[in-house]
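# Chain and residue survey
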Amino acid sequence: MRNFISVHDVKDINALVEKALAYKHDPFKDRNLGADKRIGLLFLNPSLRTRLSTQVAARNLGLEPIVFNVDKEGWMLEFEEGAIMSGNTVEHIKDAAPILGQYFDILCIRTFPSLKNREDDYSEMYIQQFIKYAGVPVISLESATLHPLQSLTDIITMTEHIPVTTGETDGKFHTVSAKPKVVLTWAPHVKALPQCVANSFAQWVNAWDGKAEFVITHPEDYELSEEFTKGATIIHDQDEALKNADFVYVKNWSTFKDYGKIYENDPKWMLTEEKLKLTNNAKVMHCLPVRRNVELSDEVLDGPNSIVTQEAGNRVWAAQAVISEILKGE
Ligand code: CP
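As the structure is a computational prediction, the values presented were derived from the model and not from experiment.

Definitions and cut-offs
- Residues numbered from 1 in each chain as written.
- Predicted model: local features only at pLDDT ≥ 70, side-chain atom pairs only at ≥ 80, totals over all residues.
- Heavy atoms only, no water.
- Axes fitted to C-alpha atoms, helices over the stretch in contact; angles between N-to-C directions.
- Helix = DSSP H or I, 4+ residues; strand = E, 2+ residues; numbered from the N terminus.
- Parallel < 35°, antiparallel > 145°, perpendicular 65-115°, else oblique.
- Left-handed = near helix turned anticlockwise from the far one by under 90°.
- Contact = heavy atoms within 4.5 Å.
- Nonpolar A, V, L, I, M, F, W, Y, C, P; charged D, E, K, R; others polar.
- Pairing = 2+ DSSP bridges.
- Near = heavy atom within 4 Å.
- Polar contact = N/O pair within 3.5 Å; in protein donor to acceptor, adjacent residues only side chain to side chain.
- Areas by Shrake-Rupley, 256 points an atom, 1.4 Å probe, with all protein chains shown as cover.
- 1 Å grid on protein atoms, 1.4 Å probe; cavity = no way out; pocket = protein on both sides within 12 Å on 5 of 7 lines; lining within 4 Å.
- Sits in = over half its atoms within 2 Å of the grid points.
- Domains from an automatic or database assignment.
- Buried < 20%, exposed > 50% of the residue type's maximum accessible area, 1.4 Å probe, protein only.
- Right-handed = clockwise from strand over helix to strand, strands pointing away.
- Arc of directions from axis to C-beta.
- Buried area = accessible area lost by both parts, 1.4 Å probe.
- Salt bridge = Lys/Arg side-chain N within 4 Å of Asp/Glu carboxyl O.

Packing of helix H7 (residues 148–161) against helix H14 (residues 315–328) leaves a shortest axis separation of 8 Å and a crossing angle of 115°. Relative to H14, H7 is oriented roughly perpendicular. For the crossing formed where H7 meets H14, the hand is right-handed. In this structure, H7 contributes Leu 149, Gln 150, Leu 152, Thr 153 and Ile 156 to the contact, and H14 contributes Arg 315, Ala 318, Ala 319 and Val 322. Looking at the contact of H7 with H14 residue by residue, the class counts come to six nonpolar, two polar and one charged.

This part covers the sheet that holds strand E6 (residues 138–140). Ordered in space as E2-E1-E5-E6, the four strands form an open sheet in which the pairing is parallel. Each edge of the open sheet is held by one strand with a lone partner, namely strand E2 (64–69) and E6. Across this sheet, the average inter-strand angle for adjacent strands is 20°, counted without regard to direction. As judged from the six bridges shared by strand E1 (residues 38–43) and E2, these two strands associate in the parallel manner. Looking across to E2, one finds that Arg 38 is bridged to Glu 64.

Once that is clear, we can look at the site of the ligand. Neighbouring the ligand are the residues Ser 47, Leu 48, Arg 49, Thr 50, Arg 110, His 147, Gln 150, Cys 287, Leu 288 and Arg 315. Within the side chain of His 147, an N or O atom sits 2.8 Å from an oxygen atom of the ligand. In the environment of the ligand, an oxygen atom lies 3.2 Å from a nitrogen or oxygen atom belonging to the side chain of Arg 315. With the chains in place, 94% of the 250 Å² that the ligand exposes on its own is no longer accessible. The pocket occupied by the ligand, as judged from atoms lying within 2 Å of grid points, is the largest pocket. Here the shell around the ligand is composed, by residue class, of three nonpolar, four polar and three charged. The residue makeup of the shell around the ligand includes at least three contributed by each of domain 1 (7–147 + 315–329) and domain 2 (150–313).

With that settled, consider the pairing of E1. For E1, a buried count of five out of six residues is recorded, marking the element as mostly surrounded by other parts of the structure. Remark: the E1/helix H2 (residues 49–60)/E2 crossover connection has right-handed handedness. One ladder, built from five bridges, connects E1 with strand E5 (residues 106–110); its direction is parallel. When the sheet's bridge partners are listed, Ile 39 is paired in E5 with Ile 106.

This brings us to helix H6 (residues 125–134). Turning to H6, its buried residues number three or more, namely Ile 127, Gln 129, Phe 130, Tyr 133 and Ala 134. For H6, the angular spread of buried residues about the axis comes to 160°, placing them on one side. Buried residues along H6 sit against E1, strand E3 (77–78), strand E4 (91–92), helix H4 (93–103), E5 and E6.

Take the domain arrangement of the protein chain next. Partitioning the protein chain into domains gives domain 1 (7–147 + 315–329) and domain 2 (150–313). Placing a centre on the C-alpha atoms of domain 1 and another on those of domain 2 gives a separation of 25 Å. On the side of domain 2, 36 residues touch domain 1, which itself brings 29 residues to the contact. Around 2,700 Å² of area is buried between domain 1 and domain 2 when both sides are counted, 63% of it from carbon and sulfur atoms. At the boundary of domain 1 with domain 2, the tally comes to one salt bridge. Here domain 1 is connected to domain 2 by 17 residue pairs in polar contact (both at pLDDT 80 or more). When contributions to the side of domain 1 that touches domain 2 are tallied by element, the ones reaching two or more residues are helix H1 (13–25), helix H5 (118–122) and H14.

This is the structure in structure tokens:
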């Protein structure tokens, strides 16, 4: 693996999941893999889980992580080709990225979308320019349209909960995983959020070797890009969608078509205990941070079906598996 920007950088999702789970079982088994190497974590936006789990993962592999809050501590970067830099931007990415590439063996970058110009956001201009000019492998810590470390984590977490049956045919033992129903449901929120987590979750579940029956539910006008949802069943009736679900993934996103807006924000879309009764005793997931009693009720988040803490914990193993693949050139 050279870069980790989307599911397209992954040869075999299940092999990567197995690798992550092996690190969960034995975090220090490759403790010297990254010896004498440095990983730079550049944040143009806030973070709790991604910032900390990636540092833990790097240290488990013997790498030295260095965090740089570009938004607060760095010069304001210019990304536009041919820009006349007479405004607020101080340093062009063309000048900054090659220097960062000399300081670090791997660069990790978080850049949120503007939610103002869809074309610019969906071109992934920021992360693509880091890749173009840094000259070292780049890992996305969430970009304008995708959050691949989160999605890998989500697949790892679901894998841990999928029932497996063992059997014997012609004298040979085999294991069969159940095919769960996975529902991604839109939830209300107080502000316009990116589509990244939902896009990315859809992209990964669709690419997951047909391992799940995949349903997306949202109010009309909240369609995501078909580039990511193609293959999923889309239902606008949330109750209908939730029936017999094994996993419910809750997430808000702003509108894609009339870009970056909040239309309907009906509190009825909040996931409650009542709605959970429609499911097959589903496990409830959310990438966090979560707005309690707006997106999900306290009862659901604090109840036995919630696996959000385990999910967030798994961020370490996802990051460790990805960094390891990059270091090994696999
Ligand atoms: N889920 C996630 O990316 O969390 P942070 O924004 O806190 O990193």
